[in-house]
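# Secondary and tertiary structure notes
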Amino acid sequence: MNTLAFRILLSRKVPRVNVHLIWGHCGTVAANVAAEKEVWLKPGFLFDAIRASIFLPLFFTPHVINGEEHIDGGVLNPVPIAPTFGDNTDVTIAVNLGGEPELFKQEVTPVSLPTKESNLHDKVANFIDNLGNNVKSKMSFNFAAYDIANQAFDAMQSTIARQKLAAYPADITLEVPCNACGTLEFERSKKMIDRGYHLAQATLGSRL
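Cut-offs and rules
Residues numbered from 1 in each chain as written. Predicted model: local features only at pLDDT ≥ 70, side-chain atom pairs only at ≥ 80, totals over all residues. Heavy atoms only, no water. Salt bridge = Lys/Arg side-chain N within 4 Å of Asp/Glu carboxyl O. Helix = DSSP H or I, 4+ residues; strand = E, 2+ residues; numbered from the N terminus. Buried < 20%, exposed > 50% of the residue type's maximum accessible area, 1.4 Å probe, protein only. Pairing = 2+ DSSP bridges. Axes fitted to C-alpha atoms, helices over the stretch in contact; angles between N-to-C directions. Contact = heavy atoms within 4.5 Å.

Below, the discussion takes up the pattern of salt bridges. Evaluation of the coordinates by the stated rule reveals four salt bridges. The salt bridge involving K164 is made with E38; its shortest N-O contact spans 3.6 Å. Of the two residues, K164 is situated in helix 5 (residues 144-167) and E38 in strand 2 (residues 37-41); the sequence distance between them amounts to 126 residues. We classify K164 as partly exposed; its relative accessible area is 22%. A residue is classified by how much of its surface remains accessible, and E38, at 25% relative accessible area, is partly exposed.

Take a look at the structure:
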């Protein structure tokens, strides 16, 4: 992806203001891979927080802050609770996106075969449809290596999240199944936001 063009587009949409000016006492976490450490942007610029957070291998490059490359802080710490320990709060709520996977029933789409009464046009149309499905299947197979790498990354992050939650337990933890949404399933953002609201309502109830 043309990172420069995307950076220009993002800079036009996101004002270069400090995060705490928008949400008050707020901070974000990035990761300095070269130094192998978390970097707390507290306070920090909204643009830097978003640009570092959307880092994605093979798609978006790391974001340079103060001459050093930074990527999404979730790589090293998917549940950054430690930065909140110095805050004077009544309750600490954590959202873990690496929860236990939920089971899905695989839907099988029946293949329509031409009947004896079908004419030549129907047979040719059916052949083209099946050919198109076969081509799509072969095209999606190209993503198999990325899917395996992504699954391995998710498994690693889920393990890190459990360790972080054990070391720095929150008062309340909202668990989202790790397979609720894929890395590239941007079209499901609204459904995931709605799911988050329902999960919070079910977990917190009258506390909201």
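Adjacent strands of a sheet pair through backbone hydrogen bonds, lying either parallel or antiparallel. Spatially, four strands are ordered 2-1-4-3 in an open sheet, and the strand pairing comes out antiparallel. Because the sheet does not close on itself, it has two edges, and the strands there are strand 2 and strand 3 (63-65). Averaged over all neighbouring strand pairs, the angle between strand axes comes to 50°, with direction disregarded. Bridge analysis of strand 1 (residues 28-32) against strand 4 (residues 68-72) gives two bridges, and the strand direction is antiparallel. Counterpart to A31 in the pairing with strand 4 is I71. Contacts between helix 3 (residues 46-53) and the sheet are confined to strand 1, strand 2, strand 3 and strand 4, with strand 3 contributing the most and set at about 140° to the helix.

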